[in-house]
Amino acid sequence: MSAELRPGRTKAQAQGWLAAHKWLLARRLAQFGFLALFLTGPLFGLWITKGTLAASLTLNILPLADPMMVAQAFLARHVVETSALVGAVIVLAAYAVVGGRTYCSWVCPVNVVTDLAAWLRARFGLKEGWSLDRRTRFIVLGGVMVASAATGTIAWEFANPVTILHRGLVYGGLFTAGSALLVTLALFLFDLGVASRGWCTHLCPVGAFYGLVGSKSVVRVTAKRRDACDNCMECFAVCPERHVIAPALRGKSTGAGPVITSRDCTNCGRCIDVCAKNVFEFGTRFRNGLDDVDHIVPPAKEGPGNVARAG
């Protein structure tokens with residue numbers, strides 16, 4: 001991809017590099033920050049958070065648990081501890097507010113790997129590759145739940161790349177670290193050489209689960225200044241779920257509001273970052289009427305008629 005076509009370049013030139021990358025930087029700080037909470041124990045003996053992203057205990061007080069894992073445990077007819085139930089409820093409540101798939105872009109460490117593959121694809125102009133139906137992840141999610149019920153195990157945790165990567169990073173060891181490296185490399189190569197955004201957008205059942213959880217969440221990206229859009233397509237270029245943008249950005253003629261309400265949106269904020277016209281911002285799902293749009297009046301074109309009226 002040439003420098004002229006890189007998303008965010010126009011905004012960076014006009015408003016500064018930080019303005020074109022602030023939400024991306026915030027996400028990386030959040031992702032590495034969550035990881036750091038788990039690493040302080042094994043690295044420095046300071047146990048802030050024990051466990052993994054599947055289930056953890058922070059400061060020996062706050063339990064958190066992956067609701068998808070707890071749901072599998074119920075289907076597998078396991079006895080679920082009270083702390084796990086409380087932790088799952090806390091996580092469900094949080095993502096019901098901020099958006100379920102916020103987990104995918106702000107917490108999940110695998111997202112860093114798949115984002116790198118997507119960036120390299122764009123950088124070197126690689127073709128889209130194998131076409132996958134994004135609904136496949138819901139089929140995988142259903143299969144995971146059926147497998148847990150049939151086998152009496154928390155089936156997904158045997159194959160979950162997030163858990164494998166997290167265990168490898170937090171607990172180390174030759175086997176766990178080696179498994180984490182192999183799984184991470186496989187996902188990277190799959191996204192880079194086989195299917196663009198193949199894992200997170202099309203196959204991952206965790207993303208599908210959190211999308212369902214946060215389908216009615218409060219915090220949303222909104223195209224509040226969509227009248228200012230100049231059709232540069234940079235938001236579409238960086239969005240991992242491109243189909244979510246059009247209804248909010250271009251739905252004025254059909255009476256659609258400016259809020260991106262799709263459950264597939266990850267609230268990553270990259271559309272906000274790269275838009276030189278500042279069309280997008282974070283808002284709430286409640287301001288989704290036609291009156292909740294900043295109506296931009298385009299400047300009058302220069303011409304004989306305008307010149308005469310100006311005089």
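The rules behind the values
- Residues numbered from 1 in each chain as written.
- Predicted model: local features only at pLDDT ≥ 70, side-chain atom pairs only at ≥ 80, totals over all residues.
- Heavy atoms only, no water.
- Helix = DSSP H or I, 4+ residues; strand = E, 2+ residues; numbered from the N terminus.
- Buried < 20%, exposed > 50% of the residue type's maximum accessible area, 1.4 Å probe, protein only.
- Contact = heavy atoms within 4.5 Å.
- Expected span 1.5 Å × (residues − 1).
- Arc of directions from axis to C-beta.
- Phe/Tyr/Trp six-rings, centres within 6.5 Å; stacked < 30°, edge-to-face > 60°.

**Considerations on the environment of Ala177**
Logical step 1: By the secondary structure assignment, Ala177 is in helix H9 (residues 174-194).
Logical step 2: Residue classification places Ala177 among the partly exposed residues on the basis of a relative accessible area of 32%.
Logical step 3: Separated by 11 residues in the primary sequence, Ala177 and His166 have C-alpha atoms spaced 9.3 Å apart.
Logical step 4: Residues contacting Ala177, with those up to four places away along its chain left out, are Gly168 and Gly172.

**Re helix H4 (residues 82-98)**
Logical step 1: The first and last C-alpha atoms of H4 sit 25 Å apart over 17 residues, in line with the 24 Å expected at 1.5 Å per residue.
Logical step 2: Of the positions making up H4, those classed as buried are Ala84, Gly87, Ala88, Val91 and Tyr95. An end-on view of H4 places all buried positions within 100° of arc, on one side of the element. Looking at H4, the residues exposed on the side facing more than 90 degrees away from the buried face are Thr82 and Val89.
Logical step 3: Elements that come into contact with the buried residues of H4 comprise strand E3 (62-65), helix H3 (67-75), helix H5 (102-106) and helix H11 (205-213).

**Brief notes about the packing of aromatic side chains**
Logical step 1: This structure, assessed with the given rule, holds 7 aromatic pairs.
Logical step 2: Ring plane angle 80° and centroid distance 4.8 Å describe the contact between Trp23 and Phe282, whose orientation is recorded as edge-to-face. With a gap of 259 residues between them, Trp23 in helix H2 (residues 22-44) and Phe282 in strand E5 (residues 281-284) connect regions that are remote in the sequence.
Logical step 3: For Trp23, a relative accessible area of 26% corresponds to the partly exposed category.
Logical step 4: Geometrically, the ring pair formed by Tyr95 and Tyr103 is edge-to-face, given 6.2 Å between the ring centres and 90° between the ring planes. Both residues of the pair, Tyr95 and Tyr103, count as buried.

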